[in-house]
Amino acid sequence: MGDRGLSVFFLAVGFGLVTASILTLAAVGLTLQFGITNYVNFAYGEFLTLGAYLAWVLNWKLHLNLWLAMVGAALLVGLVGVAINYLLLRPFVRKGIALRYILIVTFGLSLILSNVILAIWGANYQSFDVGSQLPFHAGPFLFTPNQVLITLVALCAMLGVHLLLSRTRLGKAMRAMSDNHDLAMVSGIDNNRITAFTWLLSGTLAGLAGVVLALDVTSFQPLFGNDFLFVIFAAMILGGVGSPYGAMLGSLVIGLATEISAVVVNSAFKDDIAFAVLIAVLLLRPQGIMRIAGRG
Amino acid sequence: MEQIFFYAATLVVFWFIFNIQTWGLNIQFGYAGILDFTYITFFAAGAYFAGATAMDKASGDLHYVLGLNANFAVAMVVGATAAGVLGALVGLVALNRLRSDYLAIVTVSVGAIAYDLVGNQRNIFNGFDGLLGIPYPFNDILQLDPQTYTLFYIAFAGAVMLVLWLVAHRIYNSPFGRALRAIREDLDVAEAFGKNTYAMRMIAMVVGCVYAGIAGALLIGFISAFNPGGWSPAETFLIWAAMLVGGRANNVGAIVGALLVPVIFLEGTRYLPAIQGHAELVPALRNVVVGLLLIAVLWFRPEGLLPEPRKRFYQLPLSRDPEMVANVPVS
């Protein structure tokens, strides 16, 4: 690899870190919810899409600063998550319906949400009002100002998640429920409250991820979150389902792997790399790289 | 008059094709409890491979693999095999000791990857433009006029459907079908009774995919064109809705579901006028209704319109009709 090869490699690492930042927001949100409710949410891609569109409305129609719009949209998606759990998923869980039917419900929900978004905002590509983005050099890397902010948003959010899980009673209760649901219940943890909060957190992270993903790829349409869903799945499963720290590590691996591989193979295939990682993990180590003791 | 004939004929062939698809999904989910969230991808594999096998060598603006100019019977076998092999590959990754979530995740991911690859790589099946100009099956020998040919195709699709009905029915009532239902209800118990649950679920997965492949081949033979617009993820929901509305694990229910959801509901709303400036509004709302239907059925009538019949097994002589036992005089 010559000098030029090396600089291309560093560029790819830089892009990989940005992709990993977006992915980690999404994957941590998904894995927390999966760990606590014990079913995966197939409408999660639409949560990202909804975040992007809500931020776009706040940004363009209400002329809010983009970063304020991002926070507002993320919280709104969090509330949508709480509402969906309260009105749709919790009643089904209470009915004692088998796991596979709950999955069909979230699968149906993804069709409903993506088409509601399509009906409201149309199929055209949209983008945010961010002005021109001149890339600048930082050591061997090359970033646009937005990409740096995306990375900062992800770092802050992950620090927040870490502090929540390790320092607060709420976070400890979440970890307890994720580890052993029944044991947490007999210890007096309020199942409904923790589940509701988890949906809020999961939705908020999804909303943030949707906005930063839209910023990174510069334009979005009603299916763009769903197209990203299997990359999130790959990061989550690589890290081990239910493990937020695993999801962070999984996102880093997938982010770097997809962008660095784009140097070697055609960049049109970079999502296929994430898929290949997903298949390899399922075949070789289905419990993920960060296996939690006692869970398989 | 002629237009009405062709429209009615198209509806009948579509209904037959939807029946086959719904039975295939029924074998996977209704019989064995396998969550296949990208059923339409296997349908597409069947359609593409059958089409490309029946077509002549790629030329001009069209780019695709195969191009064998084969008889349609051969093309159908190739299509069904392609769908089955793809199903086996998915099963290989996800059926082995993993929870049902993982299988669903793998199917969703396979669907996304396949759609992206086939759409964006022109040299596989001509990208987003898709295949077109597939020769009418068997008409090189039959040389029929369009109207008679359409009648012939209804009979042909009907005959294929009948065979697949018998196979699905036979599987359900066989010891293998019983074992599949046991696995569906409780995998661990079936395993404890010595059933090879992995192999059995794999067979159900592959058979379901072969059904999808045959349905795909029948479609591309009939409309002689196929592109990614015909297998968008929304199409998978349609088959799921048909199966769940009609009644899972009930193949007569599947026929009713296929008639109600894809044929009557979708065709009935196909000619709603588009709203000026919002071309995608009506199709979007139709998809919302399909999604709501899926959820509403699971809430209000999870067993579907025609529930799975309760199996009656032979009773031991001791547990005879209680009334009869009660009427035996005590001496």
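These numbers were taken from a predicted model, which means no experiment stands behind them.

Engineer: Would you explain the overall build of chain A in this entry?
Structural biologist: The helix and strand inventory of chain A stands at 11 helices and two strands. Along the chain direction, N to C, the helices and strands of chain A fall in the order α-α-α-α-β-β-α-α-α-α-α-α-α. The C-alpha radius of gyration of chain A comes to 19 Å, within 12% of the 19 Å expected for a compact globule of 296 residues. Expressed as lengths along the three principal axes of its C-alpha atoms, the size of chain A is roughly 60 × 45 × 35 Å. When each of the 296 residues of chain A is scored for burial, the buried share is 55%. Intrachain contacts of chain A at a sequence separation of at least 6 include 76% that bridge at least 24 residues. With 15 positive and 11 negative side-chain charges, chain A shows a separation of 14 Å between the mean positions of the two kinds.

Engineer: What is the right way to look at the overall build of chain B in this model?
Structural biologist: When helices and strands are counted, chain B shows 14 helices and two strands. Its C-alpha atoms give chain B a radius of gyration of 22 Å, near enough to 20 Å, the size a compact globule of 331 residues would have. Once the C-alpha set of chain B is aligned to its principal axes, its extents read approximately 90 × 45 × 45 Å. Looking at chain B as a whole, 50% of its 331 residues qualify as buried. Looking at chain B alone, contacts between residues at least 24 apart form 77% of all its contacts between residues at least 6 apart. Of the accessible surface of chain B, which amounts to about 15500 Å², a share of 66% is contributed by carbon and sulfur atoms. One finds the centroid of the 18 positive side-chain charges in chain B at a distance of 11 Å from the centroid of its 20 negative side-chain charges.

Engineer: When you look at the packing of helix α11 (residues 233-246) of chain B against helix α12 (residues 251-270) of chain B in this model, what are you seeing that I'm missing?
Structural biologist: A pair of packed helices can be characterised by two numbers: the angle between their axes and the separation between those axes. Residue and element names in this part refer to chain B. Running from N to C, α11 and α12 cross one another at 130°; their axes reach a closest spacing of 7 Å. As far as their axial angle goes, α12 and α11 are oblique. Crossing hand, α11 versus α12: right-handed. For the pair formed by α11 and α12, the contact residues are Leu238, Ala241, Ala242, Val245 and Gly246 on the first element and Gly253, Gly257, Ala258, Leu260, Val261, Pro262 and Leu266 on the second. Within the contact of α11 with α12, the residues separate by chemical class into nine nonpolar, three polar and no charged.

Engineer: Hey, could you run me through the interface of chain A and chain B in this one?
Structural biologist: The accessible area lost on association of the parts is a frequent measure of interface size. Every contact between the two is made by 43 residues of chain A and, on the other side, 42 residues of chain B. Together, Arg100, Phe107 and Leu111 of chain A form the three largest contributors to the area buried by chain A at its contact with chain B, with a combined 18%. On the surface where chain A and chain B come into contact, there are zero salt bridges. Taken together, the connections running from chain A to chain B amount to four residue pairs in polar contact (both at pLDDT 80 or more). Those elements that provide at least two residues to the side of chain A that touches chain B are α3 (66-94), α4 (99-121), α9 (224-239) and α11 (270-284) of chain A.

Engineer: Honestly, the pattern of salt bridges in this entry has me stumped. Any pointers?
Structural biologist: Oppositely charged side chains can pair when the atoms bearing their charge come close. Residues and elements named next belong to chain B. In the structure shown here, the tally under the stated rule is six salt bridges over all chains. Notably, a salt bridge pairs Arg184 with Glu308, separated by 3.2 Å at the nearest N-O pair. Separated by 124 residues along the polypeptide, Arg184 in helix α8 (residues 175-185) and Glu308 in the loop between α13 (281-300) and α14 (322-327) bring together distant segments of the chain. The partner of Arg301 in a salt bridge is Glu303, with the nearest N and O atoms 3.7 Å apart. Salt bridges linked by common partners bring Arg181, Arg184, Glu185 and Glu308 together as one network.

Engineer: What is the right way to read the packing of helix α7 (residues 146-173) of chain B against α8 of chain B from this model?
Structural biologist: All names here are of chain B. At their nearest, the axes of α7 and α8 sit 4 Å apart, and the two run at 70° to each other. Between α7 and α8, the interaxial angle falls into the category roughly perpendicular. The residues of α8 that touch α7, namely those facing Ile171, Tyr172 and Asn173, are Pro175, Phe176, Gly177, Arg178 and Arg181. Each residue belonging to the contact of α7 with α8 can be placed in one class, and the counts come to four nonpolar, two polar and two charged.

Basis of the calculations
- Numbering of residues begins from 1 in every chain and follows the order in which that chain's sequence is written.
- The order in which chains are written sets their letters, starting at A; the order in which ligands are written sets their numbers, starting at 1.
- For this predicted model, a pLDDT threshold of at least 70 governs which residues receive local features, and a threshold of 80 or more governs which side-chain atom pairs are given and counted, while totals over whole chains, interfaces and linings are taken from all residues.
- The basis for every side-chain value is the complete set of non-hydrogen atoms in the structure, without hydrogens or water.
- What counts as a helix is a DSSP run of H or I of at least four residues, what counts as a strand is a run of E of at least two, and both are numbered from the N terminus.
- With C-alpha atoms as the basis for the radius of gyration, the globule rule is written as 2.2 Å multiplied by the number of residues raised to the power 0.38.
- Burial classification: accessible surface area is computed with a 1.4 Å probe over protein chains only, and a residue below 20% of its type maximum counts as buried, one above 50% as exposed, and the rest as partly exposed.
- Pairs of residues are marked as contacts when any of their non-hydrogen atoms sit within 4.5 Å.
- For the charge count, each Lys or Arg is scored as positive and each Asp or Glu as negative, with His and the chain ends excluded.
- One atom stands in for each charge, and that atom is NZ of Lys, CZ of Arg, CG of Asp or CD of Glu.
- Every accessible area reported is derived by Shrake-Rupley at a probe size of 1.4 Å, with residue values counting cover from the shown protein chains alone.
- Fitting a line to C-alpha atoms yields each axis, with helices limited to the stretch in contact; the angle taken between N-to-C directions then spans 0 to 180 degrees.
- In these notes the angle categories are as follows: under 35 degrees is roughly parallel, over 145 is roughly antiparallel, 65 to 115 is roughly perpendicular, and the rest is oblique.
- Take the far helix as your reference; a near helix turned counterclockwise from it by less than a right angle gives a left-handed crossing, and one turned clockwise gives a right-handed crossing.
- In this classification, Asp, Glu, Lys and Arg are treated as charged, Ala, Val, Leu, Ile, Met, Phe, Trp, Tyr, Cys and Pro as nonpolar, and every other residue, Gly included, as polar.
- Two parts lose some accessible area (1.4 Å probe) when they are put together, and adding that loss for both gives the buried area.
- Only one rule defines a salt bridge in this text: a Lys or Arg side-chain nitrogen within 4 Å of an Asp or Glu carboxyl oxygen.
- Residues adjacent in sequence count toward polar contacts only when both atoms are side-chain atoms; beyond that, a polar contact is any pair of N or O atoms within 3.5 Å, and within protein one must be able to donate a hydrogen and the other to accept it.

Coordinates in, geometry out; function isn't part of it.
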